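Residue-level listing of the chains:
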Amino acid sequence: MDATTARTRPIDGKAIAAFMLGVGAALTSSWWPAAAVLAVAAISVALASRRALKADPQLRGVWLGLGGFLIAVVTLIVTFGPTLLAWFVFLLAPPG
């Protein structure tokens, strides 16, 4: 496959949507409800994009889907990690 063939292949729309949702989740990480909704949506759309890309080898967008997935996972970790860690430490603290 040459460079011109690679440029004429269509990009999967779900991969683009996953990337945009992941970026949206990262940008709204200061307001956790929006970040959580966008991140979960980005992860689910990225997984759907992965299935579509495997089913149709003519589609491009593997890196966009993967980027959206990774950005969403990192956003969830950064947004909820400190809260979950605090709850875990609180549960381990001795009473009294």
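Reference entry: report on the structure contained in this document. Since this is a predicted model, take the numbers as computed values, not measurements.

About the cut-offs
Residues numbered from 1 in each chain as written. Predicted model: local features only at pLDDT ≥ 70, side-chain atom pairs only at ≥ 80, totals over all residues. Heavy atoms only, no water. Helix = DSSP H or I, 4+ residues; strand = E, 2+ residues; numbered from the N terminus. Rg over C-alpha atoms; globule rule 2.2 N^0.38 Å. Buried < 20%, exposed > 50% of the residue type's maximum accessible area, 1.4 Å probe, protein only. Contact = heavy atoms within 4.5 Å. Patch = residues over 30% accessible without salt bridge, like charges linked within 9 Å, V, L, I, M, F, W, Y side chains within 5 Å. Areas by Shrake-Rupley, 256 points an atom, 1.4 Å probe, with all protein chains shown as cover. Salt bridge = Lys/Arg side-chain N within 4 Å of Asp/Glu carboxyl O.

Description of the overall build of the chain
Within the chain, the secondary structure is distributed over four helices and zero strands. Counted from the first residue to the last, the chain has its helices and strands arranged as α-α-α-α. Taken over the C-alpha trace, the chain has a radius of gyration of 18 Å; the compact-globule value for 96 residues is 12 Å, which it surpasses by more than 25%. Its C-alpha atoms put the chain at 70 × 20 × 20 Å along the principal axes. Relative to its full complement of 96 residues, the chain shows a buried share of 26%. Partitioning the contacts of the chain with sequence separation of at least 6, the portion at a separation of at least 24 is 73%.

A few points about a nonpolar patch on the surface
Together, V62, W63, L66 and L70 make up a nonpolar patch on the protein surface, roughly 430 Å² of accessible area in all. Turning to its location among the elements, W63 is positioned in helix 4 (residues 62–92). For W63, a relative accessible area of 71% corresponds to the exposed category.

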